Number of protein chains: 2
Amino acid sequence: MTNSEQSCEPKFFDGDILIKNGRIITVDSQNRIIDNGALLIRSDIISKIGTTSEMADMHACTVIDARGGIVMPGLVNTHTHLPMSLFRGFADDMPLITWLNDYMFKLEARYIGPETVQCGTLLSCAEMLLSGTTTCCDGYFHEEVVAEAVYTSGIRAVLGQGVIDFPAPGIVNPLLNVEHATSYAQKFKNRYPRIRSAIFCHSPYTCSKETLIHAKQAALDTGVLFQIHVAETRSERDQIRQQHRKTTVEYLDSLGILDSTTLLVHAVWVTDADVDIIRQRGSSISHNPESNMKLASGIAPVLDFIRAGIPTGLGTDGGASNNNLDLFTEMDSAAKLHKVHRFDVGVLDVLSVLKMATIEGAKAIGLGNITGSLEIGKKADIIILDTHKPHLVPMYNPISHLVYSATGADVRDVLIDGEIVVKDRKILTLDLDGILIKATEFASHLTI
Amino acid sequence: MTNSEQSCEPKFFDGDILIKNGRIITVDSQNRIIDNGALLIRSDIISKIGTTSEMADMHACTVIDARGGIVMPGLVNTHTHLPMSLFRGFADDMPLITWLNDYMFKLEARYIGPETVQCGTLLSCAEMLLSGTTTCCDGYFHEEVVAEAVYTSGIRAVLGQGVIDFPAPGIVNPLLNVEHATSYAQKFKNRYPRIRSAIFCHSPYTCSKETLIHAKQAALDTGVLFQIHVAETRSERDQIRQQHRKTTVEYLDSLGILDSTTLLVHAVWVTDADVDIIRQRGSSISHNPESNMKLASGIAPVLDFIRAGIPTGLGTDGGASNNNLDLFTEMDSAAKLHKVHRFDVGVLDVLSVLKMATIEGAKAIGLGNITGSLEIGKKADIIILDTHKPHLVPMYNPISHLVYSATGADVRDVLIDGEIVVKDRKILTLDLDGILIKATEFASHLTI
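Criteria and cut-off values
- Residues numbered from 1 in each chain as written.
- Chains lettered and ligands numbered in written order.
- Predicted model: local features only at pLDDT ≥ 70, side-chain atom pairs only at ≥ 80, totals over all residues.
- Heavy atoms only, no water.
- Helix = DSSP H or I, 4+ residues; strand = E, 2+ residues; numbered from the N terminus.
- Contact = heavy atoms within 4.5 Å.
- Axes fitted to C-alpha atoms, helices over the stretch in contact; angles between N-to-C directions.
- Left-handed = near helix turned anticlockwise from the far one by under 90°.
- Nonpolar A, V, L, I, M, F, W, Y, C, P; charged D, E, K, R; others polar.
- Salt bridge = Lys/Arg side-chain N within 4 Å of Asp/Glu carboxyl O.
- Expected span 1.5 Å × (residues − 1).
- Buried < 20%, exposed > 50% of the residue type's maximum accessible area, 1.4 Å probe, protein only.
- Phe/Tyr/Trp six-rings, centres within 6.5 Å; stacked < 30°, edge-to-face > 60°.
- Least-squares fit on C-alpha atoms with pLDDT ≥ 70 in both.

S.K.: What is the right way to look at the environment of Asp-16 of chain B in this model?
M.R.: Residues and elements named next belong to chain B. Its place among the elements puts Asp-16 in strand 2 (residues 15-25). Residues Asp-16 and Ile-41, spaced 25 residues apart in sequence, show a C-alpha to C-alpha distance of 5.8 Å. Those residues in contact with Asp-16 that sit more than four places away from it in its chain are Ile-41, Arg-42, Ser-43, Ala-60, Cys-61 and Thr-62.

Here is the structure:
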């Protein structure tokens, strides 16, 4: 499990980091798997991929021995509310509306400020790093604090400031919601190389028509992703239908919300016609199966999204409605849920699910050209799994194991943008003990 | 993470092992949780449970510091086919009948013998130990080899020799099936303290009426558990209905199969009347949600079983249809699946699910009086979880975390029958490296 560092004289220099002796799952357009593979990183970019023997003469400052494990793209979590991990397990097993109105919104009003947002975000970043997530797409409040915390963790992220039509953390006057989000989006659009800003409208039932239109326009003007919870529950569908005589998707489309820079989160209660609208507009989907199961929201028509060619990624949702951020177990849940739901073992095969958690997720949040697969020229967002474990042996098909057998705890090393951020399961960028102590201290005072 | 060992002079002796500084989840009849708790073990038995301060003066040969983690009963896996982990991931995403007839039965005929049964069993035992399972209920062939391998691992188990009406591993003449199973059951009934023998009829569609009656009578005569796959798929239900004009449960009941020493595995396609029959006969259920999801079999009416007071445990099924033996993620799947299936967040609350994986599972396989909960006088089958991890912090409700946030990889120490079998995630009873090498070697030759 040791990584060796070599002296780096210029005449021998081929790259900064050489990973060797791994089974490389590229998730590229040919879905290539390279047994006993090697991968060279120069600066933040993948510069060569081949077999270890083909690349035997290459030199790099740091050599990482994957020791027969799996080398694959870091996972992409297309929907989180990072600070909410602080509420994990506080309020389980209640309907979404009760959970939101009687617990989460009240807890947020009472406890969420810049300091707690920082604490919760760092906690989530630590969890994501240790379970192999290298990119996330977040929506919350005090998002500038989220951005600074995510920056310190080293994670790649699209971070959306929340817009909602009532007072929320950091938002005393909801009339200034969109202005606040726009100002944040502009400020953080290019502040850090790994971070892109976004605007996150909470939902069509918590934002007025005017707010939705205004926020979408602001996202377009700023050139950032627009995210929104859509058609999550049956009651939301019924409410929108009653108020607007439309499905939720038709309603948003009538406002001009749907285009190729809009990410629709959940999309459980959508019709065949809705799927066609989403496809035509070029919007993307974040599918959150475990949250939808736990909150008894329903089962999204993911097979229809994929069949229609709609970029569809996986999301864990916040830590309070899942209750972890492990995308490996999320893959397992997705693969199994749709099989039993459709009574068809052939649907959501393991490769499709792996793509949702990597390249399709990256596409869904607008980062498909830089991450989500291991290809020359892409950013070096890479994880290495230790497969010398009884639940991963024998290995006939590594992709089957990634979906059905592995968990985030099998991730050994994590590289983002060519930087080693986790080495032998130790986070190099964050003070994990300090974060755990702070989060525990926060929780010790919590009451409702 | 260190355990200390004290000198053990008789005058100071209170017990063999003292576990302290843990949050003890007893899963006893009052569902007591003892914060900062301690637990004393004398020989193989739990002799005292209290707070660490109450038990500060107690001495034991070995002191295990749980360091603020969770101390809980070891998990009970009510349905496995241990050697089948060797086929994990070889044949995914196909219907049960294709999977069985075109892959598993063929692979078994070609590759399964005493040596491979031993190899696969040890592999599964290693996985179970490292994910906190201390008791399992198995059904396979060459079960005497399974029993010897399980014995070396230290796991508590109920192990059933398979009965099926066609040639199977170790069974050249199916007419002698039941005799073979009976002879095994007698031989291993009391051979090892932690192991009980059983008879496992594969299913009502692979065993004739005569075989079923004969095998059940043999189990009764020998005084061992009788296990059978029941109503797993819709096609099985239809076939039995066509042949016998009865539901599968009615059919088995008409043969006198159902009583309080019968474990019905899967029980997906059962009616309300069937549930009532099962309740009246006192039979038990093994619920295998992940296998049922992965094979698209259907969703068992678990809420009805529990409401009727039928002992209902959790099972992973074999490693080839899940594809792991982790009961923590199985708990998560069970809790979430039934919520979304019933559109009701209130069903299968976390405590009910934890009980399925512990005390109810123990009851279902006839071991409720000796394991499945932490109570004075019960066997010391105990696991300790390291909760100093970002996905388990903060902790408002430890049971929520066990069901929704933890995985088997959070298990640090495992004790069975008062013996430490896993310490700091190292298995003390088995040669893990040797097992992994053998299993990998086996797989390298496998073709169909």
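S.K.: Help me out: how do you make sense of the packing of helix 2 (residues 114-130) of chain A against helix 3 (residues 143-153) of chain A in this one?
M.R.: A packed helix pair is summarised by two numbers, namely the angle formed by the two axes and the spacing between the axes. All names here are of chain A. With their axes 9 Å apart at the nearest point, helix 2 and helix 3 run at an angle of 35° to one another. Remark: the crossing between helix 2 and helix 3 carries right-handed chirality. Residues Pro-114, Val-117, Gln-118, Thr-121, Leu-122, Cys-125 and Leu-129 of helix 2 form the contact with helix 3, whose participating residues are Val-145, Val-146, Ala-149, Val-150, Thr-152 and Ser-153. In terms of residue class, the contact of helix 2 with helix 3 is made up of nine nonpolar, four polar and no charged.

S.K.: Looking at this structure, I do not really get the pattern of salt bridges. What am I missing?
M.R.: Inspection of every chain in the model, using the stated rule, returns 50 salt bridges over all chains. With a closest N to O distance of 3.0 Å, Arg-279 of chain B and Asp-276 of chain B form a salt bridge. Taken together, the residues span about one helical turn, with Arg-279 of chain B and Asp-276 of chain B both in helix 8 (residues 272-281) at a distance of three residues. Via salt bridges that share partners, Asp-44, Arg-156, Arg-194, Lys-379, Asp-381, Asp-417 and Glu-419 of chain A belong to a single interconnected network.

S.K.: Any chance you could explain helix 11 (residues 327-342) of chain B here in plain terms?
M.R.: Owing to its 3.6 residues per turn, the α-helix brings residues three or four apart onto one side. All names here are of chain B. Its 16 residues give helix 11 an end-to-end C-alpha distance of 22 Å, which sits within 8% of 22 Å, the value for a rise of 1.5 Å per residue. Burial analysis of helix 11 places 14 of its 16 residues in the buried class, which makes it a mostly covered element. Phe-343 sits one or two positions beyond helix 11 and adopts a positive phi of about 50°.

S.K.: Could you clarify how one ought to interpret the packing of aromatic side chains in this entry?
M.R.: The description of an aromatic ring pair rests on the distance of the ring centres and on the angle between the ring planes. Under the defined criterion, the tally for this structure stands at 17 aromatic pairs over all chains. Here the aromatic rings of Phe-87 of chain A and Phe-442 of chain A are separated by 6.2 Å at their centres, their planes lie at 55°, and the arrangement is tilted. With Phe-87 of chain A in the loop between strand 7 (75-80) and helix 1 (96-111) and Phe-442 of chain A in helix 15 (residues 432-444), this pair connects stretches of sequence that are 355 residues apart. Side by side, Phe-87 of chain A and Phe-442 of chain A carry an identical accessibility label, which is buried. A centroid spacing of 5.0 Å and a plane angle of 85° characterise the contact between Tyr-396 of chain A and Phe-90 of chain B, whose relative ring orientation is edge-to-face. Remark: Phe-90 of chain B occurs in the loop between strand 7 (75-80) and helix 1 (96-111) and Tyr-396 of chain A occurs in the loop between strand 15 (382-385) and helix 14 (398-405); the pair is interchain, linking two chains.

S.K.: I would appreciate a short explanation of the relation of the copies chain A and chain B in the present structure.
M.R.: Mapping chain A onto chain B leaves a residual RMSD of 0.0 Å; the transformation is a rotation of 180° accompanied by 0.0 Å of translation along its axis. In symmetry terms, the pair is related by a two-fold rotation axis. For chain A, the smallest separation between a C-alpha atom and the rotation axis is recorded for Ala-409 of chain A, amounting to 3.2 Å. Mapped onto chain B, 100% of the interface residues of chain A are again interface residues, and the two copies thus contact each other with one and the same surface.

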